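Each chain, written out:
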Amino acid sequence: MKKLLPGLLLTFAAIFGVYSCASSDITQQENDQPTIQPLSEIERPSPDPRVGLQAGLFDAEETIWNLNLLSATPPPEAFLGSWGTDLAFKDNYAIQGNYDGFIVWNISDPANPEVAIDFKCPASQSDVSVYGDLLFVSGEGLGGRLDCGTEGVRETVSADRLRGIRIFDISDMYNPEYIANVQTCRGSHTHSVLVDPNDDENVYVYVSGSAPVRPEEELPGCTTAFPDEDPDSPLFRIEVIKVPLANPQDAAIANSPRIFDGLEAPPVRELTAEEQERIEQAREQGRFVGEMMGRERVIPNGMARGFLQRLVSERDGEGEPTAADSAALQERLPEFIDEMLAARGRGSEALGPNQCHDITLYPEIGLAGGACEGLGLLLDISDPVNPVRIDAVADSNFSYWHSATFNNDGTTVLFTDEWGGGTQPKCREEDPYEWGANAIYSIENGEMVFQSYFKMDAPQTETENCVAHNGSMIPIPDRDIMVQSWYQGGINVFDFTDPKNPVEIAFHDRGPISAERVETGGSWSIYWYNGYLVNSEIARGLDIFELVPSEFITQNEIDAMHTVSMDYFNPQGQPKYSFPSSFALAKAYLDQLERNRELDISAINSIRRGVQEAENTNGSAQRRMLTELAGELENHAGSSSNGDKVTKIANTLRDLASAS
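Residue positions within a chain follow its written sequence, with the count starting from 1. Local features in this predicted model are restricted to residues whose pLDDT is 70 or higher, and side-chain atom pairs enter the listing and the counts only when it is 80 or higher, whereas totals over whole chains, interfaces and linings include all residues. Only hydrogens and water are set aside; all other atoms, that is, all heavy atoms of the structure, feed into the side-chain values.

Moving on to the overall build of the protein chain. Check the secondary structure of the protein chain and you find 10 helices and 32 strands. Computed over its C-alpha atoms, the radius of gyration of the protein chain comes to 27 Å, within 12% of the 26 Å expected for a compact globule of 660 residues. Judged by the C-alpha coordinates and their principal axes, the protein chain covers about 95 × 55 × 50 Å. Counting only residues that meet the buried cut, the protein chain has 57% of its 660 residues in that class. Relative to all contacts within the protein chain whose residues are 6 or more apart in sequence, the contacts with residues 24 or more apart total 62%. Here the accessible surface of atoms and residues is derived via Shrake-Rupley with a 1.4 Å probe, and residues count as covered only by protein chains that are part of the display. As displayed, the protein chain has an accessible area near 26300 Å², and 46% of this comes from carbon and sulfur atoms. Strands here are runs of E lasting at least two residues and helices are runs of H or I lasting at least four, both read from the DSSP assignment and numbered beginning at the N terminus. Throughout, the radius of gyration refers to the C-alpha atoms, and the reference size of a globule is 2.2 Å times the residue count to the power 0.38. The buried label applies to any residue whose accessible area, calculated with a 1.4 Å probe on protein chains only, is under 20% of its type's maximum; exposed applies above 50%, and partly exposed to all values in between. Throughout, a contact is declared for two residues whenever any of their heavy atoms are within 4.5 Å.

Right under this line is the structure:
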């Protein structure tokens, strides 16, 4: 800890001696002891209460640490049993995507959220975003219909199929109006809405689709040819949709940038002995095992059922597949896998990714983070229609790069690994820490430099799908704090201000849905929105939490967080948080100086007393106190090992003085 210069201590004593009857005795101040501990010195719960929770759907055992659960609301009856997906926010509403449509929640009272409307419009996976009075919804699966009908689409080629982006008018949240759609060759698994600060007439939607290319007979221009065979191939590109705000029904694809050109396939690690053993066990159990991307894998049950149904159709049969069908599939499995991968632009080990899962847009810094199958990309989006790749990273510990989150100042980017598509247990005690985790990179001169991994590390069971998933930054000044989903691993809050040493500071978890088998569930996404943490639970509805003060985060920091507000928030659309000058902000900075041992505790407490004295008065007296205190802080910022933060406190006090 840097010691306070005697002159500064005396100055503070003089200031407070004038304005306060509170003790300014220097001897007493020197006896002050810090009460806020460095993050590295705080103990976490042991044993971890997340281990061994009892199973249940709506009655699972649960545990919580440094959070308060304000409400846990089940989905409306029409959506029970269907998967809830991502969240977007506008005003006092949370819009929750769902494989059967979307649900609009009125969250004006976070302790009692109410359903404004549940809108049936099936499509996988109905990820949502908003801007103004517009709602954008992703559709990718083969069963989505243009008319939002629930009967699906059975034909291979159909004019009724919707794969792309739906656009709704939500000027009346209780009565959304479906006004337009934009069809794409691969549909939209997810999307990102880009608001260009230099264009107030349009917004742009980046579309990622990882499903097979649809037949050209259904949508002209859709072909599975590679770009070297057809320069207009829908493979190895993303779509940029331009949406005129005055005429959103005229939304259309404005560009299909090939941001993957020149990328090579990422490195693939060898299977571990345990993984090889699991494959052998699956084979002995009669499950299908095939080779994908140079590695043996157990074929998911849903994929195997699809292959078997194809065989049934090929022999003009009906009903359940027979033993002969299973035998035939064993022989033709390599053929089916090759076809499936080719339709997605995969299969060649010489080529890199051909799609992104998520592209997180941060227009205030002109960058985007692309989580693109086997690579993490850094994109320049200063020209919204023509994004340019400026860096790419790979990691053999990652299975599927899923999403990205920047810290507030854009110096760090965090990528998540959605191993197994989020349906597999990867948080078991035997699973390596790096699997299904976050990878944190600093951004240095336009290049990403690896710093560390972070993972929810409480061992989960074999029946809990658990890997890293969606989350957002929490606006705590000068700290990089994120809230994140881990499917049935629950949700947690962690600090990665030091990107080499991330620290978990809060969590909530429930027991598995089932103790006997994996039933996909848990937290799909959780985001900070206007003071609360809103969680989309796949099977259980909507949770709303609030942070509570703890050894890891002070009341002053939480109070400063509450000074930030947004009119809307989208997943994959990162806002830059700005903190208005407030007494809470000054106090939060002081708490951080104490936590990080960056200024003598006697001086910190003296400044605290000064700030408190000023807050307790008003008018010209307050203005004089704040101005003098700010001046002294500016003059002595060098007394701290973090002079920049002392200067921030001084600036905050000057702003408050100007406003008083």
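By the secondary structure assignment, Thr405 is in strand S21 (residues 401-406). Overall, the relative accessible area of 7% leaves Thr405 in the buried class. Not counting residues within four places of it along the chain, the set of residues in contact with Thr405 comprises Thr412, Val413, Leu414, Gly471, Met473, Met482 and Gln574.

All right, on to the state of the cysteines then. Two cysteines joined by a covalent bond between their sulfur atoms form a disulfide. Only a pair of cysteine sulfur atoms within 2.5 Å counts as a disulfide in this structure description. This structure, assessed with the given rule, holds four disulfides. Here Cys185 connects covalently by a disulfide to Cys222, the sulfurs 2.1 Å from one another. Around the S-S axis, the bridge from Cys185 to Cys222 shows a dihedral of about -90 degrees and counts as left-handed. In this pair, Cys185 sits in the loop between strand S10 (177-183) and strand S11 (190-194) while Cys222 sits in the loop between strand S12 (202-208) and strand S13 (239-244), placing the two residues 37 residues apart along the sequence. One exposure class covers both Cys185 and Cys222, and it is buried. Cys356 shares a disulfide with Cys372; S-S distance 2.1 Å. Across the S-S bond linking Cys356 and Cys372, the dihedral sits near 70 degrees, which makes this disulfide right-handed. Here the residue Cys356 occupies a position in the loop between helix H5 (323-343) and strand S17 (358-362), and Cys372 occupies one in strand S18 (residues 367-372), the gap between them amounting to 16 residues.

Turning next to the side chain of Lys90. By the secondary structure assignment, Lys90 is in strand S3 (residues 84-90). Here a polar contact is taken to be a pair of N or O atoms separated by no more than 3.5 Å, where protein atoms must pair a possible hydrogen donor with a possible acceptor and residues adjacent in sequence count only if both atoms sit in side chains. Within the structure, the side chain of Lys90 is placed 3.1 Å from the backbone oxygen of Gly132, a separation counted as a polar contact. Once you skip the residues sitting within four places of it in the chain, Lys90 turns out to touch Val130, Gly132, Asp133, Ile170, Met173, Tyr529, Asp567 and Tyr568.

What the four strands build is an open sheet, ordered S7-S8-S9-S10; its pairing is antiparallel. Of all strands in the sheet, those with a lone pairing partner are strand S7 (125-131) and S10, marking the two edges. Looking at each pair of strands side by side, their axes are set apart by 25 degrees on average, direction ignored. Pairing of strand S9 (residues 164-169) with S10 involves six bridges; the strand directions are antiparallel. Bridge pairing in S10 links Ile167 to Ala180. A pair of strands is considered paired only if DSSP assigns at least 2 bridges between the two. A fitted line through C-alpha atoms serves as each axis, taken over the contacting stretch for helices, and the angle formed by two N-to-C directions is quoted from 0 to 180°.

Once that is clear, we can look at the packing of helix H9 (residues 619-635) against helix H10 (residues 643-659). When two helices pack together, you describe them by how their axes are tilted relative to each other and by the distance separating the axes. Interhelical geometry of H9 versus H10 gives an angle of 160 degrees and a closest axis separation of 8 Å. Here H9 is positioned roughly antiparallel relative to H10, judged by the angle of their axes. The two elements H9 and H10 cross, and the hand of that crossing is left-handed. On H10, the residues that touch Arg623, Leu626, Thr627, Leu629, Ala630, Gly631, Leu633 and Glu634 of H9 are Val646, Ile649, Ala650, Asn651, Leu653, Arg654, Leu656 and Ala657. Note on residue classes: Ala, Val, Leu, Ile, Met, Phe, Trp, Tyr, Cys and Pro are nonpolar, Asp, Glu, Lys and Arg are charged, and everything else, Gly too, is polar. Taken together, the residues of the contact of H9 with H10 sort by class into 10 nonpolar, three polar and three charged. Should an angle lie under 35 degrees it is considered roughly parallel, over 145 roughly antiparallel, and from 65 to 115 roughly perpendicular; all remaining angles are considered oblique. The crossing is said to be left-handed when, going from far helix to near helix, the turn is anticlockwise and less than a right angle, and right-handed when the turn is clockwise.

We now examine the packing of helix H7 (residues 583-595) against H10. Running from N to C, H7 and H10 cross one another at 165 degrees; their axes reach a closest spacing of 9 Å. Viewed along their axes, H7 and H10 adopt a mutual orientation that is roughly antiparallel. In the crossing of H7 with H10, the sense of the turn from one axis to the other is left-handed. Counted together, Phe583, Leu585, Ala586, Tyr589, Leu590, Gln592 and Leu593 of H7 and Lys645, Val646, Lys648, Ile649, Thr652, Leu653 and Leu656 of H10 form the full contact between these two elements.

Further remarks concern the pattern of salt bridges. The term salt bridge refers to a side-chain nitrogen of Lys or Arg lying within 4 Å of a carboxyl oxygen of Asp or Glu. Summed over the entire model, instances satisfying the criterion amount to 38 salt bridges. Note that Glu339 and Arg310 form a salt bridge whose closest N and O atoms lie 2.9 Å from each other. With a gap of 29 residues between them, Glu339 in helix H5 and Arg310 in helix H4 (residues 301-314) connect regions that are remote in the sequence. For Lys648, the salt bridge goes to Asp478, with nearest N and O atoms at 2.6 Å. Of this pair, Lys648 sits in helix H10 while Asp478 sits in the loop between strand S25 (471-474) and strand S26 (481-485), and the two are 170 residues apart along the sequence. With a relative accessible area of 33%, Asp478 lands in the partly exposed category. Three or more residues are tied together by salt bridges with common partners; here these are Glu274, Arg278, Arg428, Glu430, Asp431 and Glu462.

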